[in-house]
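Below, each chain spelled out in residue letters.
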Amino acid sequence: MIHSQNFQKLVALANEHGINCQIAQEECLIAPLPGYDDFLLAFTWSGAIAGEPPEHELIAISIQDIAKEMTVAAWQIPTYLFSNVLRQAQMLVAAHIDFMR
């Protein structure tokens, strides 16, 4: 039940930040990266940091290059930094595209 509640919080958090996600397998959210149609964002709960308050629960994020079928980047952040996800993801993808040229 707690895991389901955390997943619902993740869905609400993504929606709050304008990320229109779809539910994928095993309680993971996926969304196209705005401005980069060939890349997907994936989000899921990573867990809590022992001894830390609930706002320090970690969200695991990855960026997938659909065309090349590879992970571009993956990282974990506490929930309070979620508002930076799109900007970070777009910067990482831009760097990835420049590097792959």
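See the structure above.
Residues numbered from 1 in each chain as written. Predicted model: local features only at pLDDT ≥ 70, side-chain atom pairs only at ≥ 80, totals over all residues. Heavy atoms only, no water.

Novice: Can you lay out the pairing of strand β4 (residues 58–65) for me, pointing to particular residues and giving the numbers?
Specialist: Taking burial as the measure, the 8 residues of β4 include 6 buried ones, the bulk of the element. Two elements, strand β3 (residues 36–47) and β4, share 8 bridges in a ladder whose sense is antiparallel. The partner of Ala-42 across the bridge, within β4, is Ser-62. The turn linking β4 back onto strand β5 (residues 70–78) is made up of 4 residues, and Glu-69 within it adopts a positive phi angle of 50 degrees. (Buried < 20%, exposed > 50% of the residue type's maximum accessible area, 1.4 Å probe, protein only. Helix = DSSP H or I, 4+ residues; strand = E, 2+ residues; numbered from the N terminus. Pairing = 2+ DSSP bridges.)

Novice: Could you give me a rundown of the nonpolar core, with the residues and numbers involved?
Specialist: In terms of nonpolar packing, the biggest core is built from 23 residues, with Phe-43, Ile-59, Ile-61, Ile-63 and Phe-82 touching the most fellow members. Sorting the residues of this core by element identifies α1 (2–16), β2 (28–33), β3, β4, β5 and α2 (85–100) as the ones contributing at least two each. If you tally residues by element for this core, the top one is α1, at 5 residues. Excluding its chain neighbours within four sequence positions, the residues that come into contact with Phe-82 are Leu-13, Ala-14, His-17, Ile-19, Phe-43, Ile-59 and Ile-77. (Core = buried A, V, L, I, M, F, W, Y, C linked by side-chain atoms within 4.5 Å. Contact = heavy atoms within 4.5 Å.)

Novice: Can you break down α2 residue by residue, with the values?
Specialist: The end-to-end C-alpha distance of α2, which contains 16 residues, comes to 22 Å, matching closely the 22 Å that a straight helix rising 1.5 Å per residue would cover. Among the structural elements, β2, β3, β4 and β5 are those in contact with the buried residues of α2. (Expected span 1.5 Å × (residues − 1).)

Novice: Can you break down the packing of aromatic side chains residue by residue, with the values?
Specialist: Enumeration over the complete set of coordinates arrives at 2 aromatic pairs. With 6.2 Å between their ring centres and 90 degrees between their planes, Tyr-36 and Phe-39 make a pair best called edge-to-face. By relative accessible area, Tyr-36 is classed as partly exposed at 23%. Given the relative accessible area of 6%, Phe-39 is considered buried. Between Phe-43 and Phe-82, the ring centres sit 5.4 Å apart and the planes meet at 50 degrees, which makes this aromatic pair tilted. Of the two residues, Phe-43 sits in strand β3 while Phe-82 sits in the loop between β5 and α2, which places them 39 residues apart along the sequence. You'll find Phe-43 and Phe-82 in the same group, each marked buried. (Phe/Tyr/Trp six-rings, centres within 6.5 Å; stacked < 30°, edge-to-face > 60°.)

Novice: Break down a nonpolar patch on the surface for me, with residues and values.
Specialist: A cluster of nonpolar side chains, contributed by Met-70, Phe-99 and Met-100, occupies part of the molecular surface with about 320 Å² of accessible area. Within the element layout of this structure, Met-100 appears in helix α2. The exposure class assigned to Met-100 is partly exposed, which follows from its relative accessible area of 40%. (Patch = residues over 30% accessible without salt bridge, like charges linked within 9 Å, V, L, I, M, F, W, Y side chains within 5 Å. Areas by Shrake-Rupley, 256 points an atom, 1.4 Å probe, with all protein chains shown as cover. Salt bridge = Lys/Arg side-chain N within 4 Å of Asp/Glu carboxyl O.)

Novice: Break down the sheet that holds β2 for me, with residues and values.
Specialist: Strand order across the open sheet formed by 5 strands is β1-β2-β3-β4-β5, with antiparallel pairing between neighbours. Among the strands making up the open sheet, the edge pair consists of β1 (22–24) and β5. If you compare each strand with its neighbour and ignore which way they point, the axes differ by 30 degrees on average. Of the pairings in the sheet, the one linking β1 to β2 comprises 3 bridges and is antiparallel in character. (Axes fitted to C-alpha atoms, helices over the stretch in contact; angles between N-to-C directions.)

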